[in-house]
Amino acid sequence: MAAPEEMITIESLTYHHRNVLEPSLIDINLHCPKGSRTVLVGANGAGKSTLLQVLAGKRMVKDSSIRVKGQDVFRKTPEGITYLGTEWAMNPVVRRDIVVSAFLDSVGGYRYKERRDRLLDILDIDTDWHMHEISDGERRRVQLCFGLMIPWDVLLLDEVTVDLDVMVRDDLLNFLVKDSEERGSTIIYATHIFDGLNTFPTHVAHMRLGEFVSPPKPWTPGTSSETLYAVALRWLREDRAHRLALEKEGKKPRGARRDETVPSDSETFYRKYDYSH
């Protein structure tokens, strides 16, 4: 049997944010076969969002091989890559007085009526909504319809289901699974919500402090005594223990600083102007 076609390939990626000494991504190697659905597990700051932005071509990287659909994402960006992140719903442009139907048509919805209408039903969207009047959750639904109605080959999701209610989220995940299976499309999904996600991924990966503790490995529901939620919780507890060990070795600690004897400038200020007593 021939090996499955790779849709995403990263070799030896190390990435620094501007003016930051420590790298945000360290020696990342990633291989995602066509039709796979990979869930990224990791604490806040693990590098998940940065990795997805690099794959989407939103961050320039030197001296690394990053290929999506066999093409360099920076020099010859392939069509069919969709990136959906949380920042979209906060963009002032999509908070203006725009009717949802006109907004979707302006980005090509009229060319994909069947997929658009299916997503409108799944996401329970009223096309007469005005973008400046709706809630953040409703605006998120419009974003998902906008991003998914055009058929994609590679879908990069960064926490975009956080505003959805349980039923809509479940219906959306089922749509993505079916779409992936029918068209052989590939998904990488970074999330902190693991309830109801047990049957979604084909692969699961664990990131910690910019590195893969465990690169994407096959995930088959029912073959383990642990649910994906339990696995994620165990990994995150291991991450916390790892970081605490580093703090004992000299890494800057987080949390309360109980050993401080000199009050901070902010504490001095607020004590002087504290009118709560």
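Just so we're clear, the structure is a prediction, and the values are computed from it rather than from any experiment. (Residues numbered from 1 in each chain as written. Predicted model: local features only at pLDDT ≥ 70, side-chain atom pairs only at ≥ 80, totals over all residues. Heavy atoms only, no water.)

(A) The arrangement of the packing of aromatic side chains in detail. Considering all chains together, one arrives at two aromatic pairs under this definition. Residues Phe 103 and Phe 146 carry aromatic rings whose centres are separated by 5.7 Å and whose planes lie at 45 degrees to one another, so their mutual orientation is tilted. In this pair, Phe 103 is assigned in helix α2 (residues 100–106) and Phe 146 in helix α4 (residues 136–148), connecting sequence segments 43 residues apart. Relative accessible area serves as the criterion here: at 24%, Phe 146 is assigned to the partly exposed category. Residues Tyr 189 and Phe 200 carry aromatic rings whose centres are separated by 5.8 Å and whose planes lie at 75 degrees to one another, so their mutual orientation is edge-to-face. Of this pair, Tyr 189 sits in strand β8 (residues 186–190) while Phe 200 is found in the loop between β8 and β9 (203–208), placing the two residues 11 residues apart along the sequence. When sorted by exposure, Tyr 189 lands in the same class as Phe 200, which is buried. (Phe/Tyr/Trp six-rings, centres within 6.5 Å; stacked < 30°, edge-to-face > 60°. Helix = DSSP H or I, 4+ residues; strand = E, 2+ residues; numbered from the N terminus. Buried < 20%, exposed > 50% of the residue type's maximum accessible area, 1.4 Å probe, protein only.)

(B) Main features of unusual backbone geometry. The phi torsion at Lys 69 lies on the positive side, around 55 degrees, for a residue other than glycine. In this structure, Lys 69 sits in the loop between β4 (65–68) and β5 (71–72). We note that Asp 124 has phi near 55 degrees; this positive angle belongs to a residue other than glycine. Residue placement: Asp 124 occurs in the loop between α3 (113–122) and α4.

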